[in-house]
Amino acid sequence: MTSLLHFFILLPALGFILSLLVSNKNEKLLSGIAFSTVGIHFAGAIAFIVYWLLNEHQTLTIKYITLYSAKHYAFFINFYFDEITAVYLFVGSFLTYLVTVYSKYYLHREAGYKRFYNTILLFYVGYTIAIFSGNLETLFIGWEILGISSFLLIAFYRDRYLPVKNAIKVFSIYRIGDVGLILAMWAAHHFFHTNITFNELTSNVLVQTMLAKSNYVVVFISLMILLAAIVKSAQLPFSSWLPRAMEGPTPSSAIFYGSLSVHLGVFLLLRTFPLWEHQTVVRIIIVVIGLSTSIVTTLIARVQSSVKSQIAYASIAQIGILFIEIALGFHTLALVHFAGNAFLRTYQLLVSPSAVSYLIKEQFYNFVPRALTIEDSWPKRIEYSLYILSIKEWNLDTNMYRYLWSPLKKIANTLHFLTLKRTIYLFVIMYTVGILLVYNVSSIPTPLLNFIPNVFAFIGLLLVLKSFAERWNVNLSWLLIIMNHFFIALAISFNEQCNLQHIFIYLSGVVVAGTLGYVLLTKLKKAENNIDLNQFYGYSYEHPKLAFLFLLACLGLAGFPITPTFVGEDLLYSHIHPNQFMLVLFVSLSIVVDGLALIRIYARLFLGTHVKTTHERAYKSS
């Protein structure tokens with residue numbers, strides 16, 4: 001039976017590749033490839049699940065391929081199938097099939113018809129890899145694919161300002177969740193001394209042995225997993241991104257933010273439950289987060305004027321209850337609840353355009369003031385305070401900017417003196433000093449040796465923060481990201497037994513993607529004269545091929561699965577010692593911010609309303 005798991009992974013990938021080869025004008029073939037791929041996948045899922053249930057429904061696991069193997073390390077892709085995967089597979093394939101069929105008519109003659117189906121199939125590839133993942137590394141591959149496809153679908157109406165702006169916001173929040181998964185993988189690797197699989201986690205003996213060895217490390221891994229889960233499932237304090245994600249087409253809102261993608265945080269908690277089920281503190285934290293999210297988002301949902309926002313917050317409230325169910329150990333109930341919530345929200349979002357038009361007509365002819373509600377029995381001061389807070393969405397967006405992004409930009413703005421020439425000179429000097437120190441590492445005193453890697457990692461972080469805040473020089477912003485990667489490699493090189501081959505794999509991906517991106521930027525600058533990051537230019541309209549190639553360069557430099565940069569990042573993390581918390585924090589923040597800086601460069605240059613007024617301009621978003 002395990003050999004059949006290949007079918008579920010390879011079929012969506014094949015459909016995605018075929019859809020890339022079809023012309024944008026051939027709508028019939030594009031939609032045919034999409035719902036044939038997903039339809040066959042759905043039929044295969046039903047047949048496989050029935051066969052699996054009739055044959056004692058044993059847990060299936062398969063080590064698919066080893067991407068890299070060393071003496072003390074192996075990066076391998078592992079697939080896993082149990083009742084959790086079965087439920088997510090059935091719900092996911094069924095709803096994706098419905099949405100692909102629905103979209104054939106909904107997006108008929110839309111300019112981005114091909115882009116939509118390409119991205120939906122890319123999303124389905126990521127979703128399938130995530131739910132079949134047998135270890136954190138495989139899960140992270142699907143997780144990253146979902147993140148980039150989410151950005152592309154939110155920014156589907158790329159000639160409008162608000163969808164592009166909100167796509168960047170959502171991707172920014174997603175990167176916080178990426179930090180959680182990265183740190184969890186790093187700690188788990190050092191704790192278990194191997195790439196632990198989810199199948200091995202089900203061994204109670206192994207978990208109890210690990211708990212006896214170091215309870216604090218297990219708590220840290222659990223909290224990092226929880227951070228990734230609450231970000232992906234839009235729990236407090238990250239709830240504000242989900243309504244912003246509704247800027248995309250209604251079908252993508254239904255499949256992404258109503259049913260599948262938003263429930264992957266729930267999937268992550270279910271999958272890792274054996275690791276933290278004995279951690280009472282972690283379980284209490286999950287219950288508190290779920291309960292507070294349910295209460296706050298229910299209040300917000302009740303005052304929303306947009307039907308999509310109302311559905312988004314209602315879905316978040318239900319996912320909060322799902323968190324509570326998982327923490328209490330009610331896994332079967334959680335799976336049933338997930339399926340019910342996914343079906344309901346998909347239905348609500350797909351019919352929302354029609355429902356709104358019916359309600360508008362109803363208000364004209366049969367308006368009846370609303371009867372007294374439970375809030376009217378509360379003291380007026382409390383009622384009005386909650387109403388104002390809910391209208392402002394409890395200032396979730398404002399606080400996120402004030403306490404997270406604004407401080408980062410303030411730090412970056414202190415580096416305004418870094419021009420292109422000064423940056424190159426400083427890089428050459430500091431990097432030369434760093435290499436000389438690496439080759440003379442044996443003569444450096446131990447206290448100083450423990451401190452030096454943090455310094456170089458912090459320099460890399462400052463450079464990428466400067467890139468994130470840069471508004472005028474595109475080439476400088478791009479070079480700063482490349483330099484950041486080089487400083488990460490240099491910082492980790494000070495650790496003993498750091499394999500030069502691993503650094504070569506990492507930097508090979510950086511150099512190739514970085515060079516390609518720089519060449520494309522030069523070509524764009526030559527064609528359009530002056531370009532900067534102070535506004536959105538919308539150049540994908542005039543330079544679609546260049547925009548596509550530049551997106552590939554951005555993904556390669558950001559460590560998109562399974563590029564050399566991605567594999568190299570995982571290899572370098574294996575060389576960071578468990579006691580080097582500052583080093584791993586600086587490296588993780590650098591990787592996260594460089595992803596934000598890259599997406600920002602791509603969005604500013606190629607998305608948004610076209611800067612030339614000779615082109616047609618889209619209506620402003622509501």
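Residues numbered from 1 in each chain as written. Predicted model: local features only at pLDDT ≥ 70, side-chain atom pairs only at ≥ 80, totals over all residues. Heavy atoms only, no water.

A. Region of interest: the nonpolar core. Core analysis: the largest hydrophobic core is formed by 213 residues, its most contacted members being Phe81, Tyr88, Phe151, Trp241 and Trp478. Take this core: its biggest share by element is 19 residues, from helix α6 (residues 161-192). Residue contacts for Phe151: discarding those within four places in its chain leaves Ala167, Ile168, Phe171, Ile599, Tyr602, Ala603 and Leu607. (Core = buried A, V, L, I, M, F, W, Y, C linked by side-chain atoms within 4.5 Å. Buried < 20%, exposed > 50% of the residue type's maximum accessible area, 1.4 Å probe, protein only. Helix = DSSP H or I, 4+ residues; strand = E, 2+ residues; numbered from the N terminus. Contact = heavy atoms within 4.5 Å.)

B. Just the pattern of salt bridges, in detail. For the coordinates displayed, the defined rule picks out 8 salt bridges. A salt bridge links Glu383 to Lys380; the nearest nitrogen and oxygen atoms lie 3.2 Å apart. On the criterion of helical spacing, the pair formed by Glu383 and Lys380 is a turn pair, its members being 3 residues apart in helix α17 (residues 380-391). The class for Lys380 is partly exposed, based on a relative accessible area of 41%. Lys466 serves as the salt-bridge partner of Glu470, at 3.2 Å between the closest nitrogen and oxygen. (Salt bridge = Lys/Arg side-chain N within 4 Å of Asp/Glu carboxyl O.)

C. Spatial organisation of the packing of aromatic side chains. Applying the stated criterion across every chain yields a total of 38 aromatic pairs. Plain terms: the ring middles of Phe273 and Trp276 are 4.9 Å apart, the flat faces sit at 80 degrees to each other, and that makes the pair edge-to-face. Remark: Trp276 and Phe273 occur in helix α13 (residues 273-276); sequence separation between them is 3 residues, near one turn of the helix. Judged by relative accessible area, Trp276 falls into the buried class, the value being 1%. Residues Tyr431 and Phe486 carry aromatic rings whose centres are separated by 5.9 Å and whose planes lie at 75 degrees to one another, so their mutual orientation is edge-to-face. Of this pair, Tyr431 sits in helix α19 (residues 420-439) while Phe486 is found in helix α21 (residues 474-493), placing the two residues 55 residues apart along the sequence. When the ring centre of Phe156 is taken as reference, the NZ or CZ atom of Arg115 above it lies at 4.8 Å. The ring of Tyr174 carries Lys232 above its face, with NZ or CZ at 4.1 Å from the centroid. (Phe/Tyr/Trp six-rings, centres within 6.5 Å; stacked < 30°, edge-to-face > 60°. Lys NZ or Arg CZ within 6 Å of the ring centre and 35° of its normal.)

D. Up close: helix α18 (residues 396-413). Taking 1.5 Å per residue as the helical rise, α18 with its 18 residues ought to reach 26 Å, and the 25 Å between its terminal C-alpha atoms agrees with that figure. Among the residues of α18, Leu396, Met400, Trp405, Ser406 and Ala412 are the ones counted as buried. As for α18, its buried residues are in contact with α6, α20 (446-469) and α25 (581-606). (Expected span 1.5 Å × (residues − 1).)

E. Helix α1 (residues 5-21), seen in detail. For α1, which comprises 17 residues, the first-to-last C-alpha distance of 26 Å matches the rise-based estimate of 24 Å (1.5 Å per residue) to within 8%. Residues of α1 that are buried include every one of Leu5, Phe8, Ile9, Leu11, Pro12, Gly15, Phe16 and Ser19, and no others.

F. Main features of the packing of α6 against helix α9 (residues 215-232). Look at α6 against α9: their axes get within 8 Å of each other, and the N-to-C directions meet at 155 degrees. The angle between the axes of α6 and α9 places the two elements in the roughly antiparallel class. Crossing handedness for the pair α6 and α9: left-handed. Counting all contacts with α6, which are made through Ile173, Tyr174, Ile176, Gly177, Gly180, Leu181, Leu183, Ala184, Trp186, Ala187, Ala188 and Phe191, the residues of α9 involved are Val217, Val218, Phe220, Ile221, Met224, Ile225, Leu227, Ala228, Val231 and Lys232. In terms of residue class, the contact of α6 with α9 is built from 19 nonpolar, 2 polar and 1 charged. (Axes fitted to C-alpha atoms, helices over the stretch in contact; angles between N-to-C directions. Parallel < 35°, antiparallel > 145°, perpendicular 65-115°, else oblique. Left-handed = near helix turned anticlockwise from the far one by under 90°. Nonpolar A, V, L, I, M, F, W, Y, C, P; charged D, E, K, R; others polar.)

G. Looking closely at unusual backbone geometry. Here the amide bond leading from Leu236 into Pro237 is cis, since omega sits at 5 degrees, within 30 degrees of zero. Following the sequence through the fold, Pro237 ends up in the loop between α9 and α10 (241-244). One non-glycine residue with positive phi stands out, namely Glu393, at about 55 degrees. Its place among the elements puts Glu393 in the loop between α17 and α18.

H. Quick peek at the side chain of Thr423. Along the chain, the position of Thr423 falls in helix α19. If we ignore the near neighbours within four places in the chain, the residues touching Thr423 are Leu418, Leu476, Leu480 and Met483.

I. Quick peek at the environment of Ile255. With respect to the helices and strands, the residue Ile255 is situated in helix α11 (residues 250-259). Sequence separation between Ile255 and Leu95 is 160 residues; the distance between their C-alpha atoms is 6.9 Å. Residues within four places of Ile255 in sequence aside, it is in contact with Thr96, Val99, Ile120, Phe123, Leu260 and Ser261.

J. The arrangement of a nonpolar patch on the surface in detail. On the surface, Leu14, Ile17, Leu18, Leu20 and Leu21 cluster together into a nonpolar patch covering about 480 Å² of accessible area. Summarising the element assignment, Leu14 is placed in helix α1. Residue classification places Leu14 among the partly exposed residues on the basis of a relative accessible area of 47%. (Patch = residues over 30% accessible without salt bridge, like charges linked within 9 Å, V, L, I, M, F, W, Y side chains within 5 Å. Areas by Shrake-Rupley, 256 points an atom, 1.4 Å probe, with all protein chains shown as cover.)

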